[in-house]
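# Geometric and topological summary
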Amino acid sequence: MSEDRSFAEAVTLVEPEQQVGERLSQYSVVTKAMEHQALMKRFDDMKRNMSDKGIKFGSRVLLIGPPGTDFEAFTHYLCREVPLKLVRFRIEELLKESKRGPDILRVGFEFARRNSPTIMLVDRLDNIAPRNTAQSVSLQNEMSRTSWDENEVLVIATTTQPQFLDLDILATFDKTYVIEGTSIEDRVRLFEQVLKGREDIDISVVAELTDGWSFADVKRLATSLFMTEREEGVQIPREKIEDMISNSGVVPLTNPTILNSVIARVSGKTHPTLTKIEQEYPDDFLDQLYLMAVGENYTETQRVIEVLNDGMPLSKEDRGFLARYPFLLNGTPEDRLTRLLRAKKSSDRLQRIMGR
């Protein structure tokens with residue numbers, strides 16, 4: 001394989017009109033793209049004044065999110081709406097040619113600059129330019145000399161593991177958008193788009209039951225539900241929807257809690273009982289945890305404990321609160337109230353000491 005051919009196979013260009021017209025996009029990511037498009041328009045109005053003051057827009061963007069995030073929704077929106085050409089690396093070719101990785105990065109950025117206005121997409125940044133590598137240094141150099149101000153190149157990089165990147169690389173980005181996972185609106189919009197016309201499926205219930213799922217997992221579930229038999233003239237009860245999700249074969253393995261649970265099941269391990277957990281957490285440590293919860297939100301801590309002690313059904317908000325403070329599940333109702341009151345007294349005493 002010749003050198004020119006290997007470079008050509010590692011870099012691709014997509015014209016705006018070649019972008020797919022309709023796609024299932026993660027709405028929270030699209031809103032970030034809308035925000036950035038508004039910034040680009042603002043820069044067009046202010047660039048003369050900014051240039052006179054020596055201010056650079058740069059517009060190098062880092063997208064950070066958990067595995068399964070629909071990063072492509074960001075570039076797809078901008079490519080169609082601005083519009084912009086899309087230049088990206090074929091990561092499999094880049095990794096295969098790792099010895100010439102720095103040269104391929106240089107050629108790719110030069111290609112983007114020559115074909116501007118473009119988006120230079122650096123997908124899976126932690127794989128392409130891991131910490132303490134020649135490719136990391138090369139990418140930093142190319143990014144530092146590529147900007148929207150001077151080249152009309154919008155550099156966009158994505159990562160799910162920013163902790164594996166050099167700080168010098170992170171310092172080159174002008175904007176960082178953090179996508180924390182799918183929002184309820186992300187899931188409702190997706191299910192509405194895929195399950196349109198399925199009156200038998202309550203979309204709000206499905207969206208609630210998939211809290212904590214990645215967008216990729218939600219898309220797979222939506223496809224699975226779309227393929228189920230329709231139940232005419234009746235809405236499927238919540239319990240059956242739960243069974244449909246459980247039996248769909250779609251498991252949100254990008255959720256660390258669920259992944260750990262699956263690993264424990266296949267390895268024959270069982271989760272420790274509450275008694276064992278209480279043995280592993282000494283009383284003084286539990287008191288510290290209660291003090292933390294009370295210090296952050298005493299009213300909500302008290303309310304959730306009352307719900308637990310009364311044996312009432314947990315709301316979505318209750319489950320979210322317990323996900324942050326799972327130790328509240330431990331112990332008897334009397335033990336919970338005792339620790340709550342003890343933590344409240346300690347918190348009040350600390351507040352007085354600090355003059356609050």
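Presented here is an overview of the structure given in this document. (Residues numbered from 1 in each chain as written. Predicted model: local features only at pLDDT ≥ 70, side-chain atom pairs only at ≥ 80, totals over all residues. Heavy atoms only, no water.)

## Section: the environment of Val61
We count it as follows: For the purposes of this entry, the term helix denotes a DSSP run of H or I that reaches at least four residues, the term strand denotes a run of E that reaches at least two, and both are numbered from the N terminus. Think of it in three bands: with a 1.4 Å probe and only protein chains considered, a residue is buried below 20% of the maximum accessible area for its type, exposed above 50%, and partly exposed in between. Whether two residues are in contact is decided by their heavy atoms, any of which lying within 4.5 Å being enough.
Mapped onto the secondary structure, Val61 falls in strand β2 (residues 61–64). By relative accessible area, Val61 is classed as buried at 0%. When the C-alpha positions of Val61 and Leu121 are compared, they lie 9.7 Å apart, and in sequence the two are 60 residues distant. Among residues more than four places away in sequence, those in contact with Val61 are His36, Phe74, Leu154, Val155, Ile156, Ala157, Phe173, Lys175 and Tyr177.

## Here we look at the packing of aromatic side chains
As a reminder, the rule being used: In summary, the pairing rule links any two rings of Phe, Tyr or Trp, Trp by its six-membered ring, whose centres are within 6.5 Å, and it sorts them by plane angle into stacked for under 30 degrees, edge-to-face for over 60 and tilted for everything else.
Scanning the entire structure with this criterion turns up 6 aromatic pairs. Aromatic pair Phe89 and Phe109: ring centres 6.4 Å apart, planes at 40°, arrangement tilted. Remark: Phe109 occurs in helix α5 (residues 101–114) and Phe89 occurs in strand β3 (residues 85–89); sequence separation between them is 20 residues. Residue classification places Phe89 among the buried residues on the basis of a relative accessible area of 7%. On the numbers, 5.6 Å between centres and 55° between planes, the contact of Tyr290 with Phe327 is tilted. A residue pair is termed long-range when its members are at least 10 positions apart, and Tyr290 in helix α16 (residues 283–310) and Phe327 in the loop between α17 (316–324) and α18 (333–353) qualify at 37 residues.

## Points about the nonpolar core
We count it as follows: Residues belong to one nonpolar core when they are buried, are Ala, Val, Leu, Ile, Met, Phe, Trp, Tyr or Cys, and are joined through side-chain atoms within 4.5 Å.
In this structure, Phe89, Phe109, Met120, Val122, Leu125, Leu139 and Phe173 are the most contacted members of the largest nonpolar core, which totals 26 residues. Among the elements that make up this core, the one with the highest residue count is α5 (4 residues). When residues no more than four places from it in sequence are discounted, the contact partners of Phe109 are Phe89, Met120, Val122, Leu139, Glu142, Met143, Thr146 and Val155. If you look at the next biggest cluster of nonpolar residues, it comprises 24 residues, including Phe74, Leu78, Leu84 and Ile156.

## Let's talk about the packing of helix α2 (residues 27–52) against helix α3 (residues 72–81)
Working note: a packed helix pair is described by the angle between its axes plus the distance between those axes. Where we set the bar: Only C-alpha atoms enter the line fits that serve as axes; for helices the fit covers just the stretch in contact. Angles between N-to-C directions range over 0 to 180 degrees. Should an angle fall under 35 degrees it is taken as roughly parallel, and over 145 as roughly antiparallel, whereas 65 to 115 is taken as roughly perpendicular and any remaining angle as oblique. For any helix crossing, the convention is left-handed if the near helix is rotated counterclockwise from the far helix by under a right angle, and right-handed if that rotation is clockwise. Note on residue classes: Ala, Val, Leu, Ile, Met, Phe, Trp, Tyr, Cys and Pro are nonpolar, Asp, Glu, Lys and Arg are charged, and everything else, Gly too, is polar.
In the contact formed by α2 and α3, the axes pass within 8 Å of each other and the chain directions differ by 45°. As far as their axial angle goes, α3 and α2 are oblique. For the element pair α2 and α3, the recorded crossing hand is right-handed. Across the interface between the two elements, Val29, Val30, Lys32, Ala33, Met34, His36 and Gln37 of α2 pack against Ala73, Phe74, Tyr77, Leu78 and Glu81 of α3. Here the contact of α2 with α3 is built from residues that sort into 8 nonpolar, 2 polar and 2 charged.

## Here we look at the pattern of salt bridges
Cut-off, in case you're wondering: By convention in these notes, a salt bridge is any Lys or Arg side-chain nitrogen within 4 Å of a carboxyl oxygen on Asp or Glu.
Counting across every chain of the model gives 25 salt bridges. A salt bridge links Glu199 to Arg230; the shortest N-O distance between them is 3.9 Å. Taken as a pair, Glu199 in the loop between α10 (184–194) and α11 (203–209) and Arg230 in the loop between α12 (215–226) and α13 (238–246) lie far apart in primary sequence, 31 residues in all. With a relative accessible area of 40%, Arg230 lands in the partly exposed category.

## Some points on the side chain of Thr172
Quick reminder of the rule: Throughout this description, a polar contact denotes any pair of N or O atoms lying within 3.5 Å of each other; where both atoms belong to protein, one of them has to be capable of donating a hydrogen while the other can accept it, and for residues adjacent in sequence the pair is counted only when both atoms sit in side chains.
Tracing the backbone shows Thr172 in the loop between α9 (167–170) and β6 (175–178). According to the relative accessible area criterion, Thr172 is buried, its value standing at 15%. Within the structure, the side chain of Thr172 is placed 2.6 Å from the backbone oxygen of Ile169, a separation counted as a polar contact. Setting aside its immediate chain neighbours within four residues, Thr172 contacts Arg60, Gln140 and Met143.

## Brief notes about the sheet that holds strand β1 (residues 11–14)
The strands making up a sheet are joined through hydrogen bonds of the backbone, oriented either antiparallel or parallel. The cut-off we apply is this: Only strands that DSSP links by at least two bridges are regarded as paired with each other.
Taken together, the 6 strands give an open sheet; going across it, the order is β1-β3-β4-β5-β2-β6, and neighbouring strands pair in mixed fashion. Bordering the open sheet on either side are β1 and β6, each of which pairs with just one other strand. With direction set aside, neighbouring strand axes in the sheet form an average angle of 20°. Pairing analysis gives 4 bridges linking β1 to β3, with the strands arranged antiparallel. Following the sheet pairing, Val14 is matched in β3 by Leu86.

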